[in-house]
Amino acid sequence: MKTALTIAGSDSCGGAGIQADIKTMTMNGVYAMSAITALTAQNTTGVTGIMEVTPDFLIEQIDDIFTDIRPDAVKIGMVSSSGLIRAIAERLTYYEAQNIVVDPVMVATSGARLISEDAIATLVECLLPIASVVTPNIPEAEVLSGMKITSAEDMETAAEKICQTYHCAVLLKGGHSLNDANDLLVYDGKHEWFSGRRINNPNTHGTGCTLSSAIASNLAKGFDMKTSVLRAKEYISGALEAMLDLGKGSGPMQHNFALTGEFAKENV
């Protein structure tokens, strides 16, 4: 069985972070492992507390994974401090990790910055150059490219700039009221548009985590970049279309929408 590692924070309500990543990786047919960067106290209405691990403890987790069950792909989610980012980059470089998917969680949908300028600078300096693909949304791509994005043409310009600067593939997600959720993949000199449709489901907690984990899973299984993105988008659409409705806020998707069999039955 192919394997994948998520390096991210824990989401106590299970809709995002390592919980979403593990569910997604499992449903996409790989063995999931995790190195936890932080514990969070949160639910569908918001985050009430964050407790980071130390860089040394994060390194210990990564070392124990790579020296025993080596991952075929690595997904990196929200990491909010420079020390943790440097620790991740150093260990992944040391182990010559492959198929690294970076979800650069920097800017909330509201436009608010989620990590410090110092941490963003470290992410740009240390993580993006070792990434196979980076998956920014529109606000994050504006930070990475240094330009305003207001059209499909701007998306192409920004993604190409990020790709050329950091020498990695770029999946620029076209949500945030732009381009009807069409996503743009720039890699190896190619521009590939993935047509999307907006699914009328307000419960979108963890969509970024889920998409990047699904991409990592497919890369781990040996699919090429374009096919991995296409399969990941199909998976996330299915999870949204299942219309799970939990919690008082923006709830989680149904990651196990395609799970069938005796052990998945709800009723006796």
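All figures in this text were calculated on a predicted structure; none of them were measured in a lab. (Residues numbered from 1 in each chain as written. Predicted model: local features only at pLDDT ≥ 70, side-chain atom pairs only at ≥ 80, totals over all residues. Heavy atoms only, no water.)

**Considering the overall build of the protein chain**
Counting secondary structure elements, the protein chain contains eight helices and nine strands. In terms of overall dimensions, the protein chain is globule-like: its C-alpha atoms have a radius of gyration of 17 Å, near the 18 Å expected for 268 residues. Burial analysis of the protein chain (268 residues in total) assigns 53% to the buried set. Counting contacts in the protein chain only where the partners sit at least 6 residues apart, residues at least 24 apart contribute 68% of the total. As displayed, the protein chain offers around 12,200 Å² of accessible surface, 52% of which is attributable to carbon and sulfur atoms. (Helix = DSSP H or I, 4+ residues; strand = E, 2+ residues; numbered from the N terminus. Rg over C-alpha atoms; globule rule 2.2 N^0.38 Å. Buried < 20%, exposed > 50% of the residue type's maximum accessible area, 1.4 Å probe, protein only. Contact = heavy atoms within 4.5 Å. Areas by Shrake-Rupley, 256 points an atom, 1.4 Å probe, with all protein chains shown as cover.)

**Topic: helix 4 (residues 117–127)**
Among the residues of helix 4, those classed as buried are Ala119, Ile120, Thr122, Leu123, Cys126 and Leu127. Looking straight down helix 4, one finds that the buried residues subtend no more than 160° of arc, so they occupy a single side. For helix 4, the exposed residues lying more than 90 degrees away from the buried face are Glu117, Asp118 and Glu125. Along its buried surface, helix 4 packs onto strand 4 (73–76), helix 3 (82–94), strand 5 (100–102) and helix 5 (138–145). (Arc of directions from axis to C-beta.)

**Digging into the environment of Asn256**
Structurally, Asn256 is set in the segment after helix 8 (225–241). For Asn256, a relative accessible area of 37% puts it in the partly exposed group. A C-alpha to C-alpha distance of 25 Å links Asn256 and Ile69, two positions 187 residues apart in sequence.

**Considering the nonpolar core**
In terms of nonpolar packing, the biggest core is built from 47 residues, with Ile7, Val74, Ile76, Ile88 and Leu92 touching the most fellow members. In terms of residue count, the dominant contributor to this core is helix 6 (residues 152–166) (six residues). Contacts of Val74, omitting those with residues within four sequence positions, involve Leu5, Ile7, Phe66, Leu92, Ala97, Gln98, Asn99, Ile100 and Val101. (Core = buried A, V, L, I, M, F, W, Y, C linked by side-chain atoms within 4.5 Å.)

**Re the packing of helix 2 (residues 55–66) against helix 3**
Two elements in contact, helix 2 and helix 3, have axes separated by 9 Å at closest approach and are oriented at 25°. In terms of orientation, helix 2 lies roughly parallel with respect to helix 3. Of the two possible hands of crossing, helix 2 and helix 3 adopt the one that is right-handed. Of helix 3, the residues touching helix 2 (which contributes Pro55, Leu58, Ile59, Ile62, Asp63 and Phe66) are Gly83, Leu84, Ala87, Ile88, Arg91 and Leu92. (Axes fitted to C-alpha atoms, helices over the stretch in contact; angles between N-to-C directions. Parallel < 35°, antiparallel > 145°, perpendicular 65-115°, else oblique. Left-handed = near helix turned anticlockwise from the far one by under 90°.)

**Focus on the pattern of salt bridges**
Across all of its chains, the model carries eight salt bridges by this definition. Between Glu90 and Arg91 there is a salt bridge, with its nearest N and O atoms 3.0 Å apart. Between Glu142 and Lys148 there is a salt bridge, with its nearest N and O atoms 3.8 Å apart. One salt-bridge network, in which partners are shared between bridges, spans Asp63, Glu90 and Arg91. (Salt bridge = Lys/Arg side-chain N within 4 Å of Asp/Glu carboxyl O.)

**Regarding the packing of aromatic side chains**
Evaluated as defined, the whole model comprises three aromatic pairs. Summarising the aromatic geometry, the rings of Tyr94 and Tyr95 are spaced 4.9 Å apart at their centres and angled 85° between planes, so their arrangement reads as edge-to-face. Under the relative-accessibility criterion, Tyr94 is labelled exposed at 53%. Accessibility expressed as a relative area gives 13% for Tyr95, which makes it buried. Ring pairing ties together the aromatic residues Phe66, Tyr94 and Tyr95, which thus form one cluster. A cation sits over an aromatic face here: Arg91 above Tyr94, 4.4 Å from the ring centre. (Phe/Tyr/Trp six-rings, centres within 6.5 Å; stacked < 30°, edge-to-face > 60°. Lys NZ or Arg CZ within 6 Å of the ring centre and 35° of its normal.)

**Considering helix 5**
Counting buried positions along helix 5 gives seven out of eight residues, so the element sits mostly inside the fold. By the burial criterion, the buried members of helix 5 are Ile138, Pro139, Glu140, Ala141, Glu142, Leu144 and Ser145. Looking at the packing, one finds that the buried side of helix 5 touches helix 4, strand 6 (133–134), helix 6 and strand 7 (169–172). Where helix 5 begins, the capping side chain belongs to Asn137, and its oxygen is found 2.9 Å from the backbone nitrogen of Glu140. (Polar contact = N/O pair within 3.5 Å; in protein donor to acceptor, adjacent residues only side chain to side chain.)

Functional significance is not addressed by these values, which are geometric in nature.
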